[in-house]
Amino acid sequence: MLYLKSDSEIEKIRDASRIAAEAMLRVREVVKIGCSTNELDAVAAKYISNQGANASALNYRGYPKSICTSINNEIVHGIPGPRQLLNGDIISVDIAVNKNGFHGDMNVTMLVGQVKEDVQKLVETTQTCLELGLAESTPDKRIGDIGHCVQSHAEKCGYSVVREYCGHGIGREFHEEPQLLHYGSRNTGRRLQIGMVFTIEPMINAGNKETCLLEDNWTAVTADGSLSAQFEHTVAVTANGPDILTRFEDLPF
């Protein structure tokens, strides 16, 4: 069931979102060649705990860590571990926080060392896809409008959009209605309403859109081994346009 948020509830989601964004900044400061994904998880977990909050991912449906770290051909839900980052890697870091019963969720793809030009183009295109989707998050639009503009830009640039994983409503629950696909047609799907809060989190592959799930039953990878990038923000639909709850003037995301 769709649950529209009040202004005060949106502010509580913003509070959780700021902690997620500040944790992301601290992770980004330690992303470097030779750093393990376990180290990134520890940095985020410590900061979140110190803010009197909880990592939304930890123990969610059995997920064992506080954040998700997906490297290169890993699309989403990569589990932190001993793997060390290498020069030229890209890593998508997904951080969600529960503060006072409300969740905020975001994802940033980061570059490790010196990456190739085509890799940087994939990352930049994915970030643009997110920005285009955010701009469509207004009361006169439908969910299909968001998916359409994400898909159109990605495919125009020669990339594909992952189908199996999507954006989602968020608030008192980590995952709520509506589901938000990152592909589709204009003027289709649920009409956006003031008070809706959801994530837009396109996963864009350099190769084809097909995916596989690894034996850990969490990590999704590209079926063809191509690179994948992702960016995510939590956004509220308001009378004044999209209010990006995970974006702050003093933080570079």
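The structure we're discussing is the one just above.
First, a word on what this report is: a plain description of the structure on this page. All values reported here derive from a predicted model rather than from experimental measurement.

**Here we look at the overall build of the chain**
Inference 1: Scanning the chain from terminus to terminus reveals four helices and 15 strands.
Inference 2: Relative to a compact globule of 253 residues, whose C-alpha radius of gyration would be 18 Å, the chain shows 17 Å and is just as compact.
Inference 3: Per-residue burial over the chain gives 55% buried out of 253 residues.
Inference 4: In the chain, once contacts between residues fewer than 6 apart in sequence are set aside, the share between residues at least 24 apart is 71%.
Inference 5: Surface exposure of the chain reaches about 10,900 Å², of which carbon and sulfur atoms provide 47%.
Inference 6: Each charge class in the chain was averaged separately, 24 positive and 33 negative side chains, and the resulting centres sit 2 Å apart.

**Brief notes about the sheet that holds strand β6 (residues 160–161)**
Inference 1: Reading across from one edge, β6-β10-β13 is the order of the three strands in this open sheet, with antiparallel pairing throughout. Because the sheet does not close on itself, it has two edges, and the strands there are β6 and β13 (228–230).
Inference 2: Pairing geometry for strand β10 (residues 203–205) and β13, over three bridges, is antiparallel. Each bridged residue has a counterpart across the sheet, and for Asn-205 the counterpart in β13 is Ser-228.
Inference 3: The strands touched by helix α3 (residues 117–135) within the sheet are β10 and β13, with β13 carrying the most contacts at an inclination of about 35°.

**With respect to the layout of surface pockets**
Inference 1: One number sums up the size of the largest pocket: a volume of about 590 Å³.
Inference 2: Surrounding the largest pocket, 23 residues form its lining, Tyr-60, Arg-61, His-77, His-168 and His-175 being those nearest its centre.
Inference 3: Listed by contribution, the elements that provide at least two residues to the lining of the largest pocket are β4 (90–99), β7 (167–169) and β8 (176–180).
Inference 4: Partitioned by chemical class, the residues of the lining of the largest pocket number 11 nonpolar, five polar and seven charged.
Inference 5: Contributions of two or more residues to the lining of the second largest pocket are made by β5 (102–111) and α3.
Inference 6: Looking at which element gives the most residues to the lining of the second largest pocket, the answer is β5, with six residues.
Inference 7: Taken together, the residues that form the lining of the second largest pocket break down as nine nonpolar, four polar and four charged.

**Comments concerning the side chain of Glu-74**
Inference 1: Position of Glu-74 relative to the elements: it lies in strand β3 (residues 74–76).
Inference 2: On the basis of relative accessibility, which here comes to 13%, the residue Glu-74 falls in the buried class.
Inference 3: At a separation of 3.2 Å, a polar atom in the side chain of Glu-74 contacts the side chain of Arg-83.

**Side note on the packing of aromatic side chains**
Inference 1: Here the structure, examined in full by the defined rule, presents two aromatic pairs.
Inference 2: Look at Tyr-60 and Phe-174: their rings are 5.0 Å apart centre to centre, the planes differ by 70°, and that puts the pair in the edge-to-face class. Of this pair, Tyr-60 sits in the loop between β1 (54–55) and β2 (68–71) while Phe-174 sits in the loop between β7 and β8; the two residues are 114 residues apart in sequence, bridging distant segments of the chain.
Inference 3: Its relative accessible area of 22% is what places Tyr-60 among the partly exposed residues.
Inference 4: Both rings, one in Tyr-63 and one in Trp-218, keep their centres 5.1 Å apart while their planes meet at 80°; by these two values the pair is edge-to-face. On the criterion of sequence distance, the pair formed by Tyr-63 in the loop between β1 and β2 and Trp-218 in the loop between β11 (211–213) and β12 (220–222) is long-range, its members being 155 residues apart.
Inference 5: Over the ring of Tyr-183 we find Arg-163, and its NZ or CZ is 4.5 Å from the ring centre.

Rules behind the numbers
Residues numbered from 1 in each chain as written. Predicted model: local features only at pLDDT ≥ 70, side-chain atom pairs only at ≥ 80, totals over all residues. Heavy atoms only, no water. Helix = DSSP H or I, 4+ residues; strand = E, 2+ residues; numbered from the N terminus. Rg over C-alpha atoms; globule rule 2.2 N^0.38 Å. Buried < 20%, exposed > 50% of the residue type's maximum accessible area, 1.4 Å probe, protein only. Contact = heavy atoms within 4.5 Å. Areas by Shrake-Rupley, 256 points an atom, 1.4 Å probe, with all protein chains shown as cover. Lys, Arg positive; Asp, Glu negative; His and termini not counted. Charge placed at Lys NZ, Arg CZ, Asp CG, Glu CD. Pairing = 2+ DSSP bridges. Axes fitted to C-alpha atoms, helices over the stretch in contact; angles between N-to-C directions. 1 Å grid on protein atoms, 1.4 Å probe; cavity = no way out; pocket = protein on both sides within 12 Å on 5 of 7 lines; lining within 4 Å. Points joined across faces, edges and corners; volume = space filled by probe spheres on them. Nonpolar A, V, L, I, M, F, W, Y, C, P; charged D, E, K, R; others polar. Polar contact = N/O pair within 3.5 Å; in protein donor to acceptor, adjacent residues only side chain to side chain. Phe/Tyr/Trp six-rings, centres within 6.5 Å; stacked < 30°, edge-to-face > 60°. Lys NZ or Arg CZ within 6 Å of the ring centre and 35° of its normal.

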